[in-house]
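# What the coordinates show
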Amino acid sequence: MTTKIFIPRESTAISLGAHQVAQAFTHYLSQHDLDIKVIRNGSRGLFWLEPMVEIETAQGRMAYGPVAPADVASIMEDISQNILHEKPQCHALALGLTENIAYLKKQTRLTFARAGITDPVSLDDYLALDGFKGLQKSIALSTQEIVTAVVDSGLRGRGGAAFPTGIKWQTVRDATADKKYIVCNADEGDSGTFADKLVMECDPFMLIEGMIIAGLAVGADQGYIYLRSEYPIADAILQQAIEVAGVAGYLGNDVCGSGKSFNLEVRLGAEAYICGEETALLESLEGKRGMVRFKPPLPALEGLFGKPTIVNNVLSLAAIPFIMSEGSHAYQQYGTNRSRGTLPFQLAGNVKQGGLIELPFGSSLKDLIDDFSGGTASNRPIKAIQVGGPLGAYLPSHKLDILLDYEAFSKASAVLGHGGIVVFDDSVDMLEQARFSMEFCVVESCGKCTPCRIGSTRGVEVIDRIKNDERRAENMILLNDLCDTMIDGSLCAMGGMTPIPVRSAFTDFPQDFFLTTQENHHD
Amino acid sequence: MKIEFSSPLSNVENIIDSLKNKEGSLLPILHAIQKEVGYIAPKAIERIATKLKQTPAEIHGVISFYHQFRTTPPGKYQIKICRAEACQARGSRALEAHAKDFLAIDYHQMTSDKKFSLDSVYCLGNCATGPNIRINDELYGRISNQRFDQILSNVDSDLK
Ligand SMILES: Cc1cc2nc3c(=O)[nH]c(=O)nc-3n(C[C@H](O)[C@H](O)[C@H](O)COP(=O)(O)O)c2cc1C
Ligand code: SF4
Ligand code: FES
């Protein structure tokens, strides 16, 4: 029987040379008479090991990584001399059975159960691992039964605001209209996040399935995936998967013989962070400038082209197939307090072992860092960790015992958001990070409100004055007041939350603002 | 008056015609034109406006909102450096300085031989293996100054 070698076609692996490695394997195999073929799979999300190459064996897949083209000949020798004769791996890059890699073993992969195992655009692979089971079950249910299952799962929006997904769906279901839409927010603008990208590149059918179920639940027949243009590989894979799903009858005018129709299209953003905000996203989809809308009306009632619209993050929609196939309880049993299920955390920045870490809510940030990071890449001590993207707080190293749960983070004036965790070592200058937060707001503000548009520009100037020791004490007071003005006078979280990282920087790292601890008492 | 369209502009016409009946067609049209021509020229803006029954000012307003759309030609190789936090934590501030120095241009500029243009981008979704750059549609991870120089010197053979 033909043995399979797996080499990811996921973008991080490609950015580190996966295509060249795949070429080297293909070339080697063309020169040798071996019954082996190369499959381009997704990634397991163990990024420090990419490109990670796996080979199928009777015990499971065995991995090597990180592999360079120059390693291919010796890996192939190991494979033909050892693995194919059921002898143990013997190679400097040998990682053993993939499933036994501690980083993977310690996770609870519900959403990422298939990532890296399947060829992302193979429908057979998807079906073999429970694919479209949730859809089949949903087709047999009433629309209210689907919505109730989502409510009961406790799922909250994974895009940042953590709004209960079931309640949003109920609102759209109960609205009467001639047209409704399902919009997937795949703008994933937060630095330090890549879970949406991994879903789209490694298991796109899961997202498609989640969107079809959403369509059935609320009576919508058109879906859009608003994808950031920074993700060309995700775009290509999604297009292929949509094509395959259409040909197989999962999309189109008669979804799986249900008589219901659902069509799906990918639309690209154009490098504008604010278009991740749901109303700006809808404006952009309508072909306009991405200006944030006043709420109400809620998008659930008057969304895309004024029609009732579900806007959900990729991870929210990607959780739906599991919930519908395994039941609300199977999902809801994980997690803590009001944060139910799992969150795919994304460990990034200055760490040895960055990657995708799906865990139930409720462990501590410290445990996550200790269990997975392998320390900083620079071998220097951790100084700060920014969680929840560019609008999230910088946590100092003595505050890492915080629990990974939405409410625990809110209570600490921090943000769990989309689950991005960015580690900085002690060489970081927190004044520069605060300045960057303000500068980012200058660049990305939609411009609708003065406190956000002008306030952020003033913020950069004030921080520069503090840096240059121009009336430092007065300017610190000014910076703090400016933060209040932005919080109170901004329409959306862009202006309203930029003060969070800024304040955390001067509150928890006063020395970087040339403050003694006594001077720093602005609460 | 009859205008003779040069070939890029007749491509533009075809692009607009093939997309204009989509819901919210403007962004798909702008993307398709920029992909084909490299930028969205004033003449193209006029054509879009006419065909979508909007004013050129409205089209321009949309173009100027989005960082990606440009109204002037880019370099043959468009380099984008990630400036966001996770890349900063892995040394992107030093890489930015090196790149500007190496190319002797600043952001939003182009080398005099029109080979490279340099822009910033906020997160390429490759945050565990930064610093990161994108050249045209290719993504490159773990960019040391040395690897940056190397990629640029091989760019003609690697990016065909
Ligand atoms: C400035 C800003 C940027 C945002 N960016 C994103 C994003 O990139 N992706 C996302 O899913 N949600 C983003 N959101 C949240 C969305 O507005 C919205 O809450 C979300 O798409 C709803 O889906 P969910 O309930 O499934 O999370 C952003 C919000 C703000 C204020
Ligand atoms: S806070 Fe900023 S981004 Fe949000 S609506 Fe106001 S100006 Fe636009
Ligand atoms: S922060 Fe640079 S790729 Fe995400």
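Rules and cut-offs
- Residues numbered from 1 in each chain as written.
- Chains lettered and ligands numbered in written order.
- Predicted model: local features only at pLDDT ≥ 70, side-chain atom pairs only at ≥ 80, totals over all residues.
- Heavy atoms only, no water.
- Helix = DSSP H or I, 4+ residues; strand = E, 2+ residues; numbered from the N terminus.
- Buried < 20%, exposed > 50% of the residue type's maximum accessible area, 1.4 Å probe, protein only.
- Contact = heavy atoms within 4.5 Å.
- Areas by Shrake-Rupley, 256 points an atom, 1.4 Å probe, with all protein chains shown as cover.
- Lys, Arg positive; Asp, Glu negative; His and termini not counted.
- Charge placed at Lys NZ, Arg CZ, Asp CG, Glu CD.
- Domains from an automatic or database assignment.
- Buried area = accessible area lost by both parts, 1.4 Å probe.
- Salt bridge = Lys/Arg side-chain N within 4 Å of Asp/Glu carboxyl O.
- Polar contact = N/O pair within 3.5 Å; in protein donor to acceptor, adjacent residues only side chain to side chain.
- Nonpolar A, V, L, I, M, F, W, Y, C, P; charged D, E, K, R; others polar.
- Near = heavy atom within 4 Å.
- Axes fitted to C-alpha atoms, helices over the stretch in contact; angles between N-to-C directions.
- Parallel < 35°, antiparallel > 145°, perpendicular 65-115°, else oblique.
- Left-handed = near helix turned anticlockwise from the far one by under 90°.
- pLDDT = per-residue confidence, 0-100.

### So, the overall build of chain B
On a plain count of helices and strands, chain B comes out with 8 helices and 5 strands. Put simply, chain B runs from its N terminus to its C terminus through helices and strands in the order α-α-α-α-β-α-α-β-β-β-β-α-α. Taken over the C-alpha atoms alone, chain B extends approximately 55 × 30 × 25 Å along its principal axes. In chain B, which comprises 160 residues, the share counted as buried stands at 54%. Expressed as a percentage of contacts within chain B between residues at least 6 apart in sequence, the contacts between residues at least 24 apart total 58%. With an accessible surface of roughly 7600 Å², chain B has 49% of that area assigned to carbon and sulfur atoms. Of note, chain B has its 21 positive side-chain charges centred 2 Å away from the centre of its 18 negative side-chain charges.

### With respect to the domain arrangement of chain A
As far as domains go, chain A holds domain 1 (3–105), domain 2 (123–332), domain 3 (335–425) and domain 4 (430–520). Each of domain 1 of chain A and domain 4 of chain A has a C-alpha centre, and these two points are 48 Å apart.

### Regarding the side chain of Gln 433 of chain A
For Gln 433 of chain A, the position within the fold is in helix H17 (residues 430–444). Excluding its chain neighbours within four sequence positions, the residues that come into contact with Gln 433 of chain A are Tyr 394, Phe 424 and Val 428 of chain A together with Glu 85, Gln 88 and Arg 93 of chain B.

### A closer look at the interface of chain A and chain B
Listed as interface residues are 62 residues of chain A and, on the opposing side, 40 residues of chain B. Roughly 3900 Å² is buried in total at the junction of chain A and chain B, and carbon and sulfur atoms are behind 52% of that figure. Of all residues in chain A, Glu 271, Arg 289 and Phe 436 of chain A give up the largest surface area on contact with chain B, accounting jointly for 16% of the area buried on that side. The interface formed by chain A and chain B includes 4 salt bridges. Here Glu 265 of chain A and Lys 22 of chain B are joined by a salt bridge, their closest N and O atoms 2.9 Å apart. Our count for the contact surface shared by chain A and chain B stands at 35 residue pairs in polar contact (both at pLDDT 80 or more). Among the elements that take part in the side of chain A that touches chain B, H17 of chain A stands out by supplying 7 residues, more than any other. Classifying every residue of the side of chain A that touches chain B by side-chain character gives 30 nonpolar, 19 polar and 13 charged.

### Quick look at the site of ligand 2
Around ligand 2 sit 13 residues, and of these Cys 446, Lys 448, Cys 449, Cys 452 and Cys 492 of chain A come closest. Of the residues that constitute the shell around ligand 2, the class distribution is 8 nonpolar, 4 polar and 1 charged.

### Quick notes on unusual backbone geometry
Phi is mostly negative for residues that are not glycine, and the peptide bonds are mostly trans. Each neighbour pair has its own omega, and for Lys 295 of chain A with Pro 296 of chain A the value is -5 degrees, a cis peptide bond. Tracing the sequence through the fold places Pro 296 of chain A in the loop between helix H12 (278–285) and strand E9 (309–313). Across the junction of Pro 296 of chain A and Pro 297 of chain A, the peptide omega takes the value 5 degrees, indicating a cis bond. Among the secondary structure elements, Pro 297 of chain A is positioned in the loop between H12 and E9. If you check the backbone angles, Arg 142 of chain B has positive phi at about 45 degrees while not being a glycine. Looking at the element boundaries, Arg 142 of chain B is found in the loop between strand E5 (138–140) and helix H7 (145–153).

### Topic: the packing of helix H6 (residues 92–103) of chain B against H7 of chain B
Residues and elements named next belong to chain B. It is at 10 Å that the axes of H6 and H7 come closest, and there the two elements cross at 40 degrees. Comparing their axes, H7 and H6 come out oblique. Along this stretch, H6 crosses H7, giving a crossing that reads as right-handed. Here Ala 94, Leu 95, His 98, Ala 99, Phe 102 and Leu 103 of H6 come into contact with H7, specifically with Asn 145, Phe 148, Asp 149 and Leu 152. For the contact of H6 with H7, a count of residues per class yields 7 nonpolar, 2 polar and 1 charged.

### Side note on the site of ligand 1
All names here are of chain A. Neighbouring ligand 1 are 19 residues; Gly 159, Asn 185, Asn 312, Asn 313 and Ser 316 lie closest to it. Take Glu 188: an N or O atom from its main chain is 3.2 Å from an oxygen atom of ligand 1. Here Asn 312 contributes a side-chain N or O atom positioned 2.8 Å from an oxygen atom of ligand 1. If ligand 1 stood free it would expose 610 Å²; the protein chains cover 90% of that surface. It is E9 that provides the largest number of residues to the shell around ligand 1, a total of 3 residues. Classifying every residue of the shell around ligand 1 by side-chain character gives 5 nonpolar, 8 polar and 6 charged.

### Quick look at the confidence of the model for chain B
The predicted structure's coordinates, where accompanied by low pLDDT, should not be read in detail. Residues and elements named next belong to chain B. Summarising the model, chain B shows a mean pLDDT of 94, and 95% of its residues fall at 70 or more. Confidence over residues 1–5 falls short of pLDDT 50; this stretch has 3 contacts with residues more than four positions distant or in other chains. Scored as a complex, the prediction yields pTM 0.97 and ipTM 0.96.

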